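Analysis of the macromolecular model
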Amino acid sequence: MAPMTWLETQGVPRQLADSYCKTGWLRRLARGAYARADDQKVEWTGPTWTMQQLLQMTVHPGGKTALELLGDAHFLPLAGGRITLFGAPTEKLPAWFRTHDWGVKVVYTTTNLFPAGNELGFTEFPVRDLALRVSGRERAMLELLHLVPEKEPFDEAKLLMEGLTTLRPSVLQPLLEQCNSVKAKRLFLSLAESSGHAWLGKLDLARVDLGTGKRVLVKNAKGGRLDAKYQIVLPVSREESEATEERP
């Protein structure tokens, strides 16, 4: 698909695009966006690629959505047709993307989790004949933890971390050093340690700014536990709660 703004840069004004629609070469997908007439099923991945490649936006699938695409969330409940896109604080999704029904609920998060222009930790995901830019596992997990607990549940984040046995220290090290969220970094390290991941020992944490003071994910003291090493109060997981209830 192609947005009208891009078509105009290619010498195709709106009047000509509308003419192509009448002749059956194009079809209007949404106000300000067109697709080939023979492309009857346009899913969210194609327009996201369009924003990346034709509009030069930083918008990308991240967090849990990236992990789902990469096959790391198959054991979790289905997201119910929900996808999470991340972008720079200054970027707004085009009106044609926001107003069209892509068959999924789109949650768009603008964040300065990483410095502007940070290109670390991305990978390509094949979609038909396109290469969609998505967060790799290392970056996606930090994005996910940035949203815990307000937009993503702690228990799912914990399960996902347990399965990430092959994260790359060479990618993680600069990501952790450049990540702007102390909460996300502390939570990442706490969950990685409780999961017993070997790659954690290959990181130089002396080079990672973990800030000062305590970070709290749960305001009710009775519903949380303190990780004294990383100074973060974590929610009591479902497994921990059930184990407590079973004690005589």
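This text goes with the structure placed above it.
Report on the accompanying structure. Here the structure is a predicted model, which means the values were calculated and not measured.

A closer look at the sheet that holds strand β9 (residues 215-216)
By definition, the strands of a sheet pair up through backbone hydrogen bonds, in either a parallel or an antiparallel sense. Strand order in the open sheet made by the three strands is β9-β11-β10, with mixed pairing throughout. What marks the edges here is a single partner per strand, and that holds for β9 and β10 (224-227). Here β9 pairs with strand β11 (residues 232-235) via two bridges, running parallel. By the bridge assignment, Arg215 is partnered in β11 with Ile232. Strands β9, β10 and β11 of the sheet are contacted by helix α9 (residues 182-195), whose axis makes an angle of about 65° with β11.

So, the sheet that holds strand β2 (residues 26-30)
Taking strand neighbours across the sheet as the criterion, the three strands line up as β1-β3-β2 in an open arrangement whose pairing is antiparallel. Two strands lie at the open edges of the sheet, namely β1 (2-3) and β2, each paired on one side alone. Looking at chain direction, β1 and strand β3 (residues 33-36) are connected through two bridges and run antiparallel. When the bridges of β3 are listed, Ala2 appears paired with Tyr34. Relative to the sheet, helix α2 (residues 14-22) contacts β2 and β3, its axis offset from that of β2 by approximately 115°.

Thresholds, definitions, all that
- Residues numbered from 1 in each chain as written.
- Predicted model: local features only at pLDDT ≥ 70, side-chain atom pairs only at ≥ 80, totals over all residues.
- Heavy atoms only, no water.
- Pairing = 2+ DSSP bridges.
- Helix = DSSP H or I, 4+ residues; strand = E, 2+ residues; numbered from the N terminus.
- Contact = heavy atoms within 4.5 Å.
- Axes fitted to C-alpha atoms, helices over the stretch in contact; angles between N-to-C directions.

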